[in-house]
Amino acid sequence: MTMQLESSPLLSIITPMFNAGEMFATFMQSLLAQTLKEMEIIIVDDGSTDGSGERADAYAQQHPHVRVIHQANGGVSRARNAGLAVARGKYVSFPDADDTMDPAMYQTLVEMAERDNLDAAQCNAEWYFKASQQVKPLIPLDRLTSTEVFGGPEWLNKALKTHRYMHVVWLGIYRRDLIERLKLYFEPGLHHQDIPWTTEFMLNAQRVRYTDRVLYRYYMHDASISNRKRTGQRNVEYQRHYLKIAQLLEELNARYRHQVTIYPAFHYQVTHEALSVCHCIRREPEEDARQAMIADLFATQTHKRMLRNARGVRQWYQLLLWLSRIYRWRNK
């Protein structure tokens, strides 16, 4: 079901949804409570089988600025791309369907973007751990406070140097015509596709600003893709996504090196993502799976990629330590 609005909104909210469960109602309440009125909400039902799609249709029938796209299950990237194809807002954002937002989140970010002619406006967020009900800020104030306007590469450098920043698209709003000019879409089938997407966006952004206000709550639970425990072949397949991300980040650095400053933090990030695979190799209980991950690491030349991109004494120490372990563990 698609509802057409009379005029273009300032903001398009694009949310992939697959079996959102009981959190979907809480998510929708936080969206409908937003003080920003010039926005459209696009829910992309990615083949839900738990009734979430029907519940989304019910919201669309009651609220003219809510639109629903139903499609066969194809993953988060295809769902976001489907939303981008119909979005009409000056800016877009991509919240997850099991999280919540402060009522002032999108008005705050849109006002920042409009006032300073921004390509992106980002805010702080908090983790909410459902099991313990504890709350933890994404970026502590002692790491980063609200900023002035930066160029995209300068902002990304500053953010990455906190070692708390995450490449997540739900952290802000993004100018849609820049996305369209870049033909910047999400790669189907790639987990954590936010990482290369936000990196390329920032490498092209002219004006970005950050507020340290905590306006988004990310719910940590065992059912989330990123928090799910994996072993065996499932773990092998999942770690291939991180190997691919490290490759994509290195390719982005090479592609844009003559256009913008490629800061040491950008190289550091390549090795950082690849090192996460090393940690998973150590924790993997099945020897066949461990050997498969080690084989993937060498087959993709990731060991050389990490050596090319390591920056700083501490990362070099970590890298050499891990490579020595991997060589010992590897079946010749």
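All values derive from a computational prediction rather than experimental measurement.

## As for helix α7 (residues 194–204)
Next, step 1: With 11 of 11 residues buried, α7 is to be regarded as a mostly interior element.
Next, step 2: Those residues of α7 lying buried are Asp-194, Ile-195, Pro-196, Trp-197, Thr-198, Thr-199, Glu-200, Phe-201, Met-202, Leu-203 and Asn-204.

## Considering the nonpolar core
Next, step 1: Ranked by size, the top nonpolar core spans 77 residues in total, and within it Phe-24, Tyr-174 and Phe-201 carry the most contacts.
Next, step 2: Counting residues in hydrophobic clusters, the runner-up holds 27 residues, among them Ile-195, Leu-243, Val-277 and Ala-289.

## Focus: the packing of aromatic side chains
Next, step 1: For the coordinates displayed, the defined rule picks out 19 aromatic pairs.
Next, step 2: Seen in terms of ring centroids, Trp-155 and Tyr-210 are 5.2 Å apart; in terms of plane orientation they differ by 20 degrees. Their pairing is stacked. Of this pair, Trp-155 sits in helix α5 (residues 152–160) while Tyr-210 sits in strand β9 (residues 208–220), and the two are 55 residues apart along the sequence.
Next, step 3: Residue classification places Trp-155 among the buried residues on the basis of a relative accessible area of 0%.
Next, step 4: Plain terms: the ring middles of Phe-298 and Tyr-327 are 5.3 Å apart, the flat faces sit at 65 degrees to each other, and that makes the pair edge-to-face. One end of the pair, Phe-298, is in helix α10 (residues 287–299); the other, Tyr-327, is in helix α12 (residues 313–329), with 29 residues separating them in the sequence.

## Details of unusual backbone geometry
Next, step 1: A positive phi angle, close to 55 degrees, is found at Asn-117, a residue other than glycine.
Next, step 2: By the element assignment, Asn-117 lies in the loop between α4 (105–116) and β6 (120–129).

## Some thoughts on helix α1 (residues 23–32)
Next, step 1: For α1, the full list of buried residues reads Met-23, Phe-24, Phe-27, Met-28, Ser-30 and Leu-31. The arc enclosing the buried residues of α1, seen along the axis, measures out at 160 degrees, which places them on a common side.

## Notes on the packing of helix α8 (residues 232–256) against α10
Next, step 1: For the pair α8 and α10, the least separation of the axes is 9 Å and the interaxial angle reads 20 degrees. When the interaxial angle is binned, α8 and α10 end up roughly parallel. Crossing of α8 against α10: the hand is right-handed. Contact residues: Gly-232, Asn-235, Val-236, Gln-239, Arg-240 and Leu-243 in α8; Ala-289, Ala-292, Met-293, Asp-296 and Leu-297 in α10.

Conventions and cut-offs
Numbering of residues starts from 1 in every chain and runs along the sequence as written. The predicted origin of the model limits local features to residues at a pLDDT of at least 70 and limits the giving and counting of side-chain atom pairs to 80 or more, whereas totals for whole chains, interfaces and linings rest on all residues. Side-chain metrics rest on all non-hydrogen atoms present in the structure, leaving aside hydrogens and water. We call a residue buried when its accessible area falls under 20% of the maximum for its residue type, exposed when it is over 50%, and partly exposed in between, using a 1.4 Å probe and counting protein chains only. Runs of E in the DSSP output that reach at least two residues are strands. Runs of H or I that reach at least four are helices, and both are numbered from the N terminus. By nonpolar core is meant a set of buried Ala, Val, Leu, Ile, Met, Phe, Trp, Tyr and Cys residues that side-chain atoms within 4.5 Å join together. Each Phe, Tyr or Trp ring, with Trp reduced to its six-membered ring, pairs with another whose centre is within 6.5 Å; inter-plane angles below 30 degrees give stacked pairs, above 60 give edge-to-face pairs, and intermediate values give tilted ones. What the arc describes is the spread of directions from the helix axis to the C-beta atoms. As a rule, the C-alpha atoms of each element are fitted with a line to give its axis, helices using only the stretch in contact, and angles between N-to-C directions run from 0 to 180 degrees. Roughly parallel refers to an angle under 35 degrees, roughly antiparallel to one over 145, roughly perpendicular to one between 65 and 115, and oblique to any angle outside these ranges. Each crossing gets its handedness from the near helix: less than a right angle anticlockwise from the far helix is left-handed, clockwise is right-handed. Any two residues whose heavy atoms approach within 4.5 Å are treated as being in contact.

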